[in-house]
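# Structural description and commentary
Chain by chain, the residues:
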Amino acid sequence: MDAPGRRFALPVLSAVLAFAVCAPLLGRGFVLSYDMVFAPRQYFVPDAFGAGNTLPRSVPADAAVALATTVLPGDVVQKIVLLLAVFGAALGAGRLVPTEYTGTRLVAATTYAWTPYVAERLFIGHWPLLLTYACLPWIAAAGLAARKHETHSLLRLVITSAPAVLTPPGGVLAAAVMVVTAGSRRLWQTLPIAVVLNLPWLVPTFLNAGGTFSDPAGVTAFSARAESWGPALVSVLGLGGIWNAETVPGSRAMPLVPVLTLVVAAVAVAGLWPLAKRWGRAPARSLSFLGLLGVLLASLATLPGGDVLLTAATRHLPGAGLLRDAQKWVAWWALPLALGLALAVETAATQLKTARGRAALMTAVALLPVVTMPDLAWGGWGRLGTAQYPADWRAVSEKLGDRPGDVLALPLSAFRGFAWNADRTQLDPAPRVLPSPVLVDDTLQVGTERIAGEDPRIGDVRAATSARELTAAGIGWILVEHGTPGDVDPRLLADATPVWSGEWLTLYRTPGVPPVKAVAWAPVLLANGVALTLLCVALLCRMLPMRTLGRGRISPPRKE
């Protein structure tokens, strides 16, 4: 391959992988699957900043999307996010691996981007985690530059980490990679950067410290699961093992998968030796230990005594609910796995005598993730698709006006299944579509386990027997969503006033004037402002000619 071909091979492969996954999702319309809900226009409601009554699980992601949809339609924002997640993951991993060989970079790219982690998080709709996953190689590269005290390395850390900190788990994943790659001598700089970037969710979490306890039953319900005949630990080693069996690609159940997983993991571990030689022992060792920690946390609930430990933590430690759905922490293992495998294959390829044999080996390993999990392609072989919101949603949004009180979404359930979205399981879109705060019953049914929700108001709603009692609980509107499973208590609607009705939605106004709880905007807006200011300063400094700024002036380069 000539020099231009080598230069463009990695970005071309990254683009091919992104389009292979997202091609059927690029038409107009929204991909609504489980937790992935985008709206034509998202609004700056209190919950988007963590100023509402629920835990800031999607903060500041909702505020970021609300800002983006003031400029672009929501479905366009969603497509950009999904494409960039796959493209950025592949390109970042390929650029991170320390090598001069294009084939090695391509192996790292496919090994990192075409994984069960990407597939399962895509199918379950965790798009912020996909963005975080895509950012980790770029954060690692910036951290290594900071370890070497390279110019602008701290600015790069801020910029590459910003898209990763849109949710609490993403913020923790990014902060850990930042810290271990930059090293202990940079801790006095990287730790403040990590804290400031995570302020948008840290501040509302501490303000709501009394309500940060999660149902301990979630530990077992959301623990990693085996995807084939091997134990859950083997699935986790292969970057799979998500708790929701419905979001697992069918190919993960093939009998050969556990064997391939162990072989790939063993080869990757062998490849960590050349990684240590090229990076230095300290960063390679730190990243490897972080990866092992991710595997341990992801599979802890399935190990002897692990469920007891996590249950106790969830019951007694505020914020320990972050450990629910612990499989997400295996993202830390993805980097040493991809880099180690790529370098191990490179070492093996150098032992082959012919260029054709080396190319064949590199190509085979690069294609291995695609061949063993082909059902990530084409939106999961049609698992995902696009849908248009019925006009009812726009009509209801226009009717809400300025009347105080939250909107109660009925039937009481966090998830919906509408015919206009091919009956796919999806999170109730009302909190993101409507311009007013929406109360949704966040109780979850996982198999036989019933996981209590985290919104304290839902108990008052369940106990209510009339719309007037809902008014006393702060509810100003009742939104009944039709064509989705669940029943509506007719007593709640008996003394409510119908305002608008269509095929899919009916809006009622509750009697009287609901009490409105004051929203503590100042702390959360300050937290978001500080984080945003840091990002803007980093971007501005990267764009300015900073070489001479440190001497107090900007001067043109001296002519020789």
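What this report covers is the structure whose coordinates are included nearby. (Residues numbered from 1 in each chain as written. Predicted model: local features only at pLDDT ≥ 70, side-chain atom pairs only at ≥ 80, totals over all residues. Heavy atoms only, no water.)

## Considering the pairing of strand β1 (residues 406-410)
Note the cut-off: Only protein chains enter the accessibility calculation, which uses a 1.4 Å probe. A residue is then buried if its area is under 20% of the maximum for its type, exposed if over 50%, and partly exposed in between. Each helix corresponds to a stretch of at least 4 residues labelled H or I by DSSP, and each strand to a stretch of at least 2 residues labelled E; elements are numbered beginning at the N terminus.
When you tally the buried positions in β1, you get five out of five residues, the bulk of the element. Burial of β1 is two-sided: the residues Asp-406, Leu-408 and Leu-410 facing one way and the residues Val-407 and Ala-409 facing the other way are all buried.

## Some remarks on helix α8 (residues 168-182)
Worth spelling out the cut-off: Helices are assigned an expected span. That span is 1.5 Å times one less than the residue count.
The end-to-end C-alpha separation of α8 is 21 Å, in line with the 21 Å expected for 15 residues at 1.5 Å each. Of all 15 residues making up α8, 13 are buried, and the element is well covered by its neighbours.

## Topic: the pattern of salt bridges
For the record, the criterion: One speaks of a salt bridge when a side-chain nitrogen belonging to Lys or Arg is within 4 Å of a carboxyl oxygen belonging to Asp or Glu.
For the structure on display, the rule yields ten salt bridges. The salt bridge partner of Arg-432 is Asp-62, with a shortest N-O separation of 3.1 Å. Placement of the pair is Arg-432 in helix α20 (residues 430-433) and Asp-62 in helix α2 (residues 61-68), with a sequence separation of 370 residues. Using a relative accessible area of 13% as the deciding quantity, one classes Arg-432 as buried. Classification of Asp-62 by relative accessible area gives buried; the value is 12%. Residues Asp-441 and Arg-462 are paired through a salt bridge, measuring 2.1 Å at the closest nitrogen-oxygen approach. Of the two residues, Asp-441 is situated in the loop between β4 (438-439) and β5 (444-446) and Arg-462 in helix α21 (residues 458-463); the sequence distance between them amounts to 21 residues. What makes Asp-441 buried here is its relative accessible area of 1%.

## A few points about the sheet that holds strand β7 (residues 475-481)
We apply this condition: Here, a strand pair is defined by DSSP locating no fewer than two bridges between the strands. Contacts are assigned to residue pairs that have any heavy atoms within 4.5 Å of one another. Axis geometry follows a simple rule: fit a line to the C-alpha atoms, using only the stretch in contact for helices, then measure angles between N-to-C directions, giving values from 0 to 180 degrees.
The five strands are arranged β4-β1-β7-β9-β8 in an open sheet whose pairing can be described as mixed. Strands at the two margins of the open sheet, each flanked by one partner only, are β4 and β8 (497-501). Running over the sheet, helix α19 (residues 391-400) touches β1, β7, β8 and β9 (505-509) and is turned about 10° from β9.

## Considerations on helix α5 (residues 116-124)
In terms of burial, α5 is a largely internal element, nine of the nine residues being buried. Buried within α5 are the following residues: Pro-116, Tyr-117, Val-118, Ala-119, Glu-120, Arg-121, Leu-122, Phe-123 and Ile-124. Gly-125, located one to two residues past α5, shows a positive phi value of around 90°.

## Thoughts on the nonpolar core
Counted only if it meets this: Residues belong to a common nonpolar core when they are buried Ala, Val, Leu, Ile, Met, Phe, Trp, Tyr or Cys residues joined through side-chain atoms within 4.5 Å.
Counting residues in hydrophobic clusters, the biggest one holds 132 residues, and the most contacted among them are Trp-127 and Leu-434. With residues up to four places along the chain from it excluded, the contact list for Trp-127 reads Met-36, Phe-38, Ala-61, Val-65, Val-81, Leu-82 and Leu-166. Leu-410, Leu-439, Ala-464 and Ile-478 belong to the second-largest nonpolar core, a separate cluster that totals 15 residues.

## Some thoughts on the state of the cysteines
Stated precisely, the cut-off is as follows: Cysteine sulfur atoms that come within 2.5 Å of each other are treated as a disulfide pair.
According to the stated counting rule, one finds zero disulfides in the structure shown. Between Cys-135, a free cysteine, and Cys-22, which holds the nearest cysteine sulfur, the sulfur-to-sulfur gap is 16 Å. For Cys-135, a relative accessible area of 9% translates into the label buried. Not part of a disulfide, Cys-541 finds its nearest cysteine sulfur in Cys-536, a span of 11 Å.

## Points about a nonpolar patch on the surface
Condition: In this analysis, a patch consists of residues with relative accessible area above 30% that form no salt bridge, clustered at 9 Å for like charges and at 5 Å for the nonpolar side chains Val, Leu, Ile, Met, Phe, Trp and Tyr. Method for areas: the Shrake-Rupley scheme with a 1.4 Å probe, in which residue coverage is limited to the protein chains shown.
On the surface, Val-71, Leu-72, Ile-80 and Leu-84 cluster together into a nonpolar patch covering about 360 Å² of accessible area. Along the chain, the position of Ile-80 falls in helix α3 (residues 74-96). A residue is classified by how much of its surface remains accessible, and Ile-80, at 38% relative accessible area, is partly exposed.

## What to know about the side chain of Thr-181
What counts, and what does not: N or O atoms closer than or at 3.5 Å make up a polar contact, with two conditions inside protein: a donor-capable atom paired with an acceptor-capable one, and, for residues adjacent in sequence, both atoms drawn from side chains.
You can see Thr-181 is positioned in helix α8. Engagement of the side chain of Thr-181 in a polar contact is seen with the backbone oxygen of Val-177, the distance being 2.6 Å. Leaving out residues up to four positions away in the same chain, Thr-181 has contacts with Ile-139, Ala-140, Gly-143, Leu-144, Arg-147 and Leu-287.

## With respect to the packing of aromatic side chains
Here is the rule we go by: By convention, a stacked pair of Phe, Tyr or Trp rings (six-membered ring in the case of Trp) has centres within 6.5 Å and planes under 30 degrees apart, an edge-to-face pair has planes over 60 apart, and any other such pair is tilted. Here, a charge over a ring is recorded when the distance from Lys NZ or Arg CZ to the ring centre is within 6 Å and its angle to the ring normal is within 35 degrees.
Summed over all chains, the structure comprises twelve aromatic pairs. Ring geometry for Phe-38 versus Trp-127: centroids 5.1 Å apart, planes at 50°, classification tilted. Remark: Trp-127 occurs in helix α6 (residues 127-147) and Phe-38 occurs in the loop between α1 (3-22) and α2; sequence separation between them is 89 residues. Comparing Phe-38 with Trp-127, the two get one shared label, buried. Ring centres 4.7 Å apart and planes at 90° place the aromatic pair Phe-222 and Trp-243 in the edge-to-face group. In this pair, Phe-222 sits in the loop between α11 (217-221) and α12 (232-237) while Trp-243 sits in the loop between α12 and α13 (257-279), placing the two residues 21 residues apart along the sequence. We note that Phe-222, like Trp-243, is buried. Each member of the aromatic cluster is reached from another via a ring pair, and the members are Phe-30, Tyr-389, Trp-393, Phe-418 and Trp-420. Cation over ring: Arg-383 sits above Phe-123, and NZ or CZ is 4.4 Å from the ring centre. The ring of Trp-477 is capped by Arg-403, whose NZ or CZ atom sits 5.7 Å from the centre of that ring.

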